[in-house]
Amino acid sequence: YIFGVMFELPLLAFVLARFRLITDTWLRNNLRYAVLVIFILAAVLTPTPDALTQLLLAGPLLVLYLLCICVAKWAQPTSVREGREGDPH
């Protein structure tokens, strides 16, 4: 079940970036915390206590997080990409 849900993360990143709730810079700055949270979630959500299953969940999550950074950069409005967040022109 969790493997199916985790592949929705890039879609979530796209929507949040379009609404200006996240940026690719914010995601990159918080990468170390994301890695920690991903491994904690993988340890809690895996049905068995072995490390292989945890890595099988954490590995794709890490790759998807990096993909979310790319998606957020692509999805954010042009004014945010150019650093003119409040400028309408």
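Throughout what follows, the structure given in this document is the object of discussion. (Residues numbered from 1 in each chain as written. Predicted model: local features only at pLDDT ≥ 70, side-chain atom pairs only at ≥ 80, totals over all residues. Heavy atoms only, no water.)

Considering the state of the cysteines
Following the criterion strictly, the structure yields 0 disulfides and no others. Cys70 takes part in no disulfide bond, and the closest cysteine sulfur, belonging to Cys68, lies 9.3 Å away. (Disulfide = S-S within 2.5 Å.)

Some thoughts on the nonpolar core
Ranked by internal contacts, the top residues of the largest apolar core, which has 17 residues, are Ile22, Leu27 and Tyr65. Taken together, the elements giving at least two residues each to this core come down to helix H2 (9–18), helix H4 (31–45) and helix H5 (51–75). Apart from residues no more than four positions distant in its own chain, Leu27 is found in contact with Ile22, Tyr65, Cys68, Ile69 and Ala72. (Core = buried A, V, L, I, M, F, W, Y, C linked by side-chain atoms within 4.5 Å. Buried < 20%, exposed > 50% of the residue type's maximum accessible area, 1.4 Å probe, protein only. Helix = DSSP H or I, 4+ residues; strand = E, 2+ residues; numbered from the N terminus. Contact = heavy atoms within 4.5 Å.)

Section: the environment of Val35
Tracing the backbone shows Val35 in helix H4. Assessed through its relative accessible area of 31%, Val35 is described here as partly exposed. Counting along the chain gives 27 residues from Val35 to Leu62, while the straight-line C-alpha distance between them is 6.9 Å.

Description of the pattern of salt bridges
The final tally for this structure, using the stated rule, is 1 salt bridge. When the shortest N-O distance is used, the salt bridge between Arg28 and Asp24 registers 2.7 Å. Of this pair, Arg28 and Asp24 both sit in helix H3 (residues 24–29), separated by 4 residues, roughly a single helical turn. Look at Asp24 and you get buried, because its relative accessible area is 4%. (Salt bridge = Lys/Arg side-chain N within 4 Å of Asp/Glu carboxyl O.)

Describing the environment of Ile40
Here Ile40 shows up in helix H4. Distance in space between the C-alpha atoms of Ile40 and Gln54 is 9.2 Å, their sequence separation being 14 residues.

Details of a nonpolar patch on the surface
Residues Leu36, Val37, Ile40, Leu41, Val44 and Leu45 make up a contiguous nonpolar surface patch of roughly 550 Å² in combined accessible area. Note that Val37 resides in helix H4. (Patch = residues over 30% accessible without salt bridge, like charges linked within 9 Å, V, L, I, M, F, W, Y side chains within 5 Å. Areas by Shrake-Rupley, 256 points an atom, 1.4 Å probe, with all protein chains shown as cover.)

With respect to the packing of H4 against H5
As a packed pair, H4 and H5 sit with axes 9 Å apart at the nearest point and diverge in direction by 150 degrees. Judged on the interaxial angle alone, H5 and H4 are roughly antiparallel. Helix-helix and strand crossings are classified by hand; for H4 and H5 the assignment is right-handed. Residues Leu31, Ala34, Val35, Ile38, Phe39, Ala42, Ala43 and Leu45 of H4 pack against Gln54, Leu55, Leu57, Ala58, Leu61, Leu62, Tyr65 and Leu66 of H5. Of the residues belonging to the contact of H4 with H5, the class tally is 15 nonpolar, 1 polar and no charged. (Axes fitted to C-alpha atoms, helices over the stretch in contact; angles between N-to-C directions. Parallel < 35°, antiparallel > 145°, perpendicular 65-115°, else oblique. Left-handed = near helix turned anticlockwise from the far one by under 90°. Nonpolar A, V, L, I, M, F, W, Y, C, P; charged D, E, K, R; others polar.)

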